[in-house]
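Each chain, written out:
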Amino acid sequence: MSAAIEIQDLLFAYDERTVIDGISLSVDAGEMVGILGPNGSGKTTLLKIVSAVLRGRGEVKLAGKDIRSYSRRELSRLFAVVPQESAVAFPYTVAEIVLMARASFHSPLAFEGEKDLAVARQAMERTDTLALSNRYLHELSGGEKQRVMIARALAQEPQILLLDEPSAFLDLQHQVQILDLMRQLNREQGPTIIAALHDLNLAALYFDRLVMLRDGKIYRDGSPENVITEETIRELYGVPVRIQRDPSVRRPQVFICTTG
Amino acid sequence: MIEVNGTLIVLLIASAIGCSLLGPVRIDLARVIHHFFSPDPDTEILLRTRLPRVLLGMAIGGGMAACGVVLQALLRNPLACPQMLGVSGGASLGGILGLIFFPQWLLPLAGGLLGEISWVPLAAFVGALLSMAFIYRLSLFRGRLHPYHLLLSGVIFNSFIAAVIMFLNSIVDFYQAQGLLFWLMGNLSTRAYLTVGFIGAYVVAGFLWLWSKGLALNLITLGEETAMQLGIEIGSVQRQVFVAASLMIGAMVSVSGMIGFVGLMIPHVMRLIVGSDHRLLLPASFLAGAIFLSWADTLARVLFAPAELPVGIITAFFGAPFFLFLLYREGGKKLAV
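Residues numbered from 1 in each chain as written. Chains lettered and ligands numbered in written order. Predicted model: local features only at pLDDT ≥ 70, side-chain atom pairs only at ≥ 80, totals over all residues. Heavy atoms only, no water.

## Quick word on the sheet that holds strand 6 (residues 79-82) of chain A
Residue and element names in this part refer to chain A. Convention followed: Strand pairing is assigned whenever DSSP identifies at least 2 bridges connecting the two strands. Helix and strand labels come from DSSP, where a helix needs a run of H or I of at least four residues and a strand needs a run of E of at least two; each type is numbered from the N terminus. Only the stretch in contact is used when fitting a helix axis, every axis being a line fitted to C-alpha atoms; angles between N-to-C directions are given from 0 to 180 degrees.
Pairing is mixed in the open sheet, where six strands are placed in the order 6-7-8-3-9-10. Looking at strand neighbours, the two that pair on one side only are strand 6 and strand 10 (217-222), the edges of this open sheet. Adjacent strand axes in the sheet meet at a mean angle of 20 degrees when their direction is disregarded. Relative to strand 7 (residues 160-164), strand 6 is paired through four bridges, and the arrangement is parallel.

## Focus: the sheet that holds strand 1 (residues 3-14) of chain A
Residue and element names in this part refer to chain A. The following threshold applies: When checking whether two residues touch, look at their non-hydrogen atoms; a contact exists if any pair is within 4.5 Å.
Here four strands make up an open sheet; going across it, the order is 2-1-4-5 and the pairing antiparallel. What marks the edges here is a single partner per strand, and that holds for strand 2 (17-28) and strand 5 (65-66). Pairing of strand 1 with strand 2, which is carried by nine bridges, proceeds in the antiparallel orientation. In the strand pairing of strand 2, Ala3 is matched with Asp28. Packed onto the sheet, helix 1 (residues 43-50) meets strand 1, strand 2 and strand 4 (57-62) and runs at close to 120 degrees relative to strand 1.

## Remarks on the state of the cysteines
Residue and element names in this part refer to chain B. Our working definition: Two cysteine sulfurs form a disulfide in these notes if their separation is within 2.5 Å. For each residue, the accessible area found with a 1.4 Å probe, counting protein chains only, is set against the maximum for its type, and the residue is called buried under 20%, exposed over 50%, and partly exposed in between.
For the structure shown, the criterion picks out zero disulfides over all chains. Cys67 carries a free sulfur, and the closest cysteine sulfur to it, the one in Cys81, is 11 Å from it. Relative accessible area serves as the criterion here: at 0%, Cys67 is assigned to the buried category.

## Topic: the layout of surface pockets
For clarity, the threshold we go by: Using a grid of 1 Å spacing that covers the protein atoms alone, one calls a set of points a cavity when a 1.4 Å probe fits there but cannot get out, and a pocket when the set is open and has protein on both sides within 12 Å along at least five of seven lines; lining residues are those with an atom within 4 Å of a point. Grid points are joined across faces, edges and corners, and a volume is the space filled by probe spheres set on the points. Each residue is assigned to one class: nonpolar for Ala, Val, Leu, Ile, Met, Phe, Trp, Tyr, Cys and Pro, charged for Asp, Glu, Lys and Arg, and polar for all the others, Gly among them.
Estimated volume of the largest pocket: approximately 1,000 Å³. In terms of lining, the largest pocket is formed by 38 residues, of which the most central are Val53, Leu54 and Arg72 of chain A together with Arg144 and Met228 of chain B. Sorting the residues of the lining of the largest pocket by element identifies strand 1, helix 1, strand 4 and helix 2 (72-78) of chain A together with strand 2 (144-145), helix 11 (224-229) and helix 12 (234-256) of chain B as the ones contributing at least two each. Looking at the lining of the largest pocket residue by residue, the class counts come to 17 nonpolar, eight polar and 13 charged.

## Quick word on the nonpolar core
Test applied: For the purposes of this section, nonpolar cores are sets of buried Ala, Val, Leu, Ile, Met, Phe, Trp, Tyr and Cys residues that join through side-chain atoms within 4.5 Å.
By size, the foremost hydrophobic cluster in this structure holds 148 residues, and its most contacted members are Val148, Leu161 and Ile228 of chain A. Sequence-distant contacts of Val148 of chain A, defined by excluding residues within four places in its chain, comprise Val94, Ile97, Val98, Thr129, Leu132, Leu137 and Leu140 of chain A.

## Some thoughts on unusual backbone geometry
Residues and elements named next belong to chain A. Of note, Glu157 is a non-glycine position whose phi angle comes to about 45 degrees, a positive value. One non-glycine residue, Asp215, lies in positive phi territory at about 50 degrees. Assignment of secondary structure puts Asp215 in the loop between strand 9 (209-214) and strand 10. Taking relative accessible area as the criterion, Asp215 reaches 56% and is therefore assigned exposed.

## Considerations on the packing of helix 9 (residues 193-211) of chain B against helix 14 (residues 278-302) of chain B
Residue and element names in this part refer to chain B. We apply this condition: We call two directions roughly parallel when the angle between them is under 35 degrees, roughly antiparallel when it is over 145, roughly perpendicular when it lies between 65 and 115, and oblique otherwise. Handedness of a crossing is defined here by the sense of rotation of the near helix relative to the far one, left-handed for an anticlockwise turn of less than a right angle and right-handed for a clockwise turn.
Contact pair helix 9 / helix 14: the axes reach a minimum separation of 10 Å and the direction vectors enclose 160 degrees. Considering their axes alone, helix 9 and helix 14 lie roughly antiparallel with respect to each other. Here helix 9 and helix 14 pass one another in a crossing that is right-handed. Between helix 9, through Val203, Val204, Phe207, Leu210 and Trp211, and helix 14, the contact on the second element is made entirely by His278, Arg279, Leu282, Pro283 and Phe286. Broken down by class, the residue content of the contact of helix 9 with helix 14 amounts to eight nonpolar, one polar and one charged.

## Some details on the environment of Ile13 of chain B
Among the secondary structure elements, Ile13 of chain B is positioned in helix 1 (residues 2-21). Placed 109 residues apart in sequence, Ile13 of chain B and Leu122 of chain B show a C-alpha to C-alpha distance of 30 Å.

## Focus on helix 9 of chain B
All names here are of chain B. To keep it simple, the criterion reads: Under the convention used throughout, the expected extent of a helix is 1.5 Å for every residue step, that is, one less than its residue count. Starting at the helix axis, one direction is taken to each C-beta atom, and the arc is that of these directions.
Given a rise of 1.5 Å per residue, 19 residues ought to cover 27 Å, and the 26 Å separating the end C-alpha atoms of helix 9 matches this to within 8%. Taken as a whole, helix 9 has its buried residues at Thr195, Val196, Ile199, Gly200, Val203, Gly206, Phe207 and Leu210. For helix 9, the angular spread of the buried residues around the axis is 140 degrees, confining them to a single face. For helix 9, the elements touching its buried residues are helix 3 (41-74), helix 10 (214-220), helix 12 and helix 14.

## Here's the deal with the interface of chain A and chain B
Keep this limit in mind: Put simply, buried area is the surface a 1.4 Å probe can reach on two separate parts but cannot reach once they are joined, added for both. Any carboxyl oxygen of Asp or Glu that lies within 4 Å of a side-chain nitrogen of Lys or Arg is treated as forming a salt bridge with it.
Across the contact, 34 residues belong to chain A and 32 residues belong to chain B. For the pairing of chain A and chain B, the buried interface totals around 2,800 Å² over both sides, and the portion due to carbon and sulfur atoms is 61%. Inspection of the region where chain A meets chain B yields two salt bridges. A salt bridge links Arg279 of chain B to Glu112 of chain A; its shortest N-O distance comes to 3.1 Å.

## A short note on the environment of Lys213 of chain B
Residue and element names in this part refer to chain B. Note the following rule: In the analysis that follows, any N or O atom pair within 3.5 Å is treated as a polar contact, provided that within protein one partner can donate a hydrogen and the other can accept it, and provided that, for residues neighboring in sequence, both atoms belong to side chains.
Here Lys213 is to be found in the loop between helix 9 and helix 10. Judged by relative accessible area, Lys213 falls into the buried class, the value being 16%. A sequence separation of 182 residues divides Lys213 from Arg31, and the C-alpha atoms of the two residues are 45 Å apart. Apart from the residues within four sequence positions on either side, Lys213 is in contact with Val237, Gln240 and Val241. A distance of 3.4 Å separates polar atoms of two side chains, one belonging to Lys213 and the other to Gln240.

## Digging into the packing of aromatic side chains
Residues and elements named next belong to chain B. Put simply, the test is: Pairing of aromatic rings covers Phe, Tyr and Trp, the last counted by its six-membered ring, and requires centre-to-centre distances within 6.5 Å; plane angles under 30 degrees mean stacked, over 60 mean edge-to-face, and any other angle means tilted.
Counting across every chain of the model gives eight aromatic pairs over all chains. Seen from their ring centres, Tyr136 and Phe242 are 6.0 Å apart, and the 35 degrees between their planes marks the pair as tilted. Note that Tyr136 is positioned in helix 6 (residues 119-139) and Phe242 in helix 12, a separation of 106 residues in sequence. The class for Tyr136 is partly exposed, based on a relative accessible area of 22%.

## Comments concerning helix 8 (residues 174-185) of chain B
Residues and elements named next belong to chain B. Here helix 8 is 12 residues long and its end C-alpha atoms lie 17 Å apart, about the 16 Å a rise of 1.5 Å per residue gives. Considered for burial, the residues of helix 8 that qualify are Ala177, Leu180 and Trp183. Looking down the long axis of helix 8, one finds its buried residues gathered within 125 degrees of arc, a one-sided arrangement. In helix 8, those exposed residues whose orientation departs by more than 90 degrees from the buried face are Phe174, Tyr175 and Phe182. As for helix 8, its buried residues are in contact with helix 4 (86-101), helix 6, helix 7 (147-171) and helix 12. Gly186 lies just past helix 8 and shows a positive phi near 85 degrees.

Just geometry here; none of it tells us what the structure is for.
Structure, rendered in structure tokens:
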């Protein structure tokens, strides 16, 4: 397997405050990696650097080439990002939003062609959003919106899919739905998936590799059993926990020990 | 949705003819066609006074509406309009300084050199360029124009300019003050095809430039990060759109003063009809703005003929209630999020 993303000695600071403090990380093509860590540990910033929204010091290579050697148009054919929240300033229909994924695939002076329409339709079928195509995005529920965002990301036909807490505002049913879809996609079509997550139990259930960040550094990197332990959780979050294996899938699950 | 633009083109041509025929003196189209190549008072009025004015109105109306659309997208704000950008204030101040301080003895010299282009629009355009550079510099961070900075610096810069203009207005003599007020209210009176041709070419070129950014503008309204991730070089698009719109607004205000409301209202009305896709919305707004302002100016000429109203009164007087009616009927649902 070749590396989809290689990061060497990455540093990033907002003005004086260091957010990423020397991260080196390599993700193979087709891997599904969950990024964990408390608020402010650098998860979102790391994703923004990998998707070229921010530029850090150090080396970031995509498919063996330096990230700075790509144009935005090229990057958007390689990468898709599912944001935490979607805001639109003007009313667009779901179909219009998903078709915007194709902006880098057709001439900037033209409308979308047959191929673009077909890809968008497929992405919407996949995410169960086809029935919403003529609704306005801002009228949808949180779960529906997030599915539209995923449809748009899929319509970019990405080799690498980045998700920033994709289920942060969703109820349990929708969280599970989205993670199921991610796992299915990863197995069938093989895009590399990197997701920043808050929910430790869902992360342990769905991801084979977890990377835990602390103060802009990698604190643990490995299988859920090695990353989610009573010691690491207490150390990182300052919360006393018990860890037990889920009886059926044998993944670690976190139980919180209340102090009251 | 393409049909909407086709319909608007037909309406535009019909308006150009209709508005040119209406006025204090009614013109008979059949007579004009019959006497087109021979001397005739009707043909003379139509070609020398009416048509250039109607064409100027169309250029300004279309340009203002197109600039309104792109500013609303660029600033991601449904309240944005050409009058909000500092450029319009800069142009007004430039024009007024030109009116007050232009040394009269230079007039024959300048007139000889520049033909029918007069001194005041040039001074106004210089004011527009200076204020554009100033606002641009204020809002530029790391190669990107910050929408809130653009908006705030524009609004505050314009209120500063308004204070300066009021100050100048209170120290000049009565006749000059009347002249200033007349210039500020904006009007489309012109006899020079040179001016019309220059502004028309300028506005159409600017519009085409903006139109070519239609797809990028769609993505920009989704937010900067999303636009970047979908492949847009956001800084470059922002700078191009700001400069193109500012140059257009500067030139339009220099020639015709501050004609309000077209740039705010037309984009919203057209968004209701064709949706928010800028590849369709921009040409539709351009055409609708041209049609709207040519009829508003015709009303301004006809209502109290032979006296003329400032066209800005008509645009706001008829435009505002119509717009509020639309807002009421649609519940604002399709206008903005």
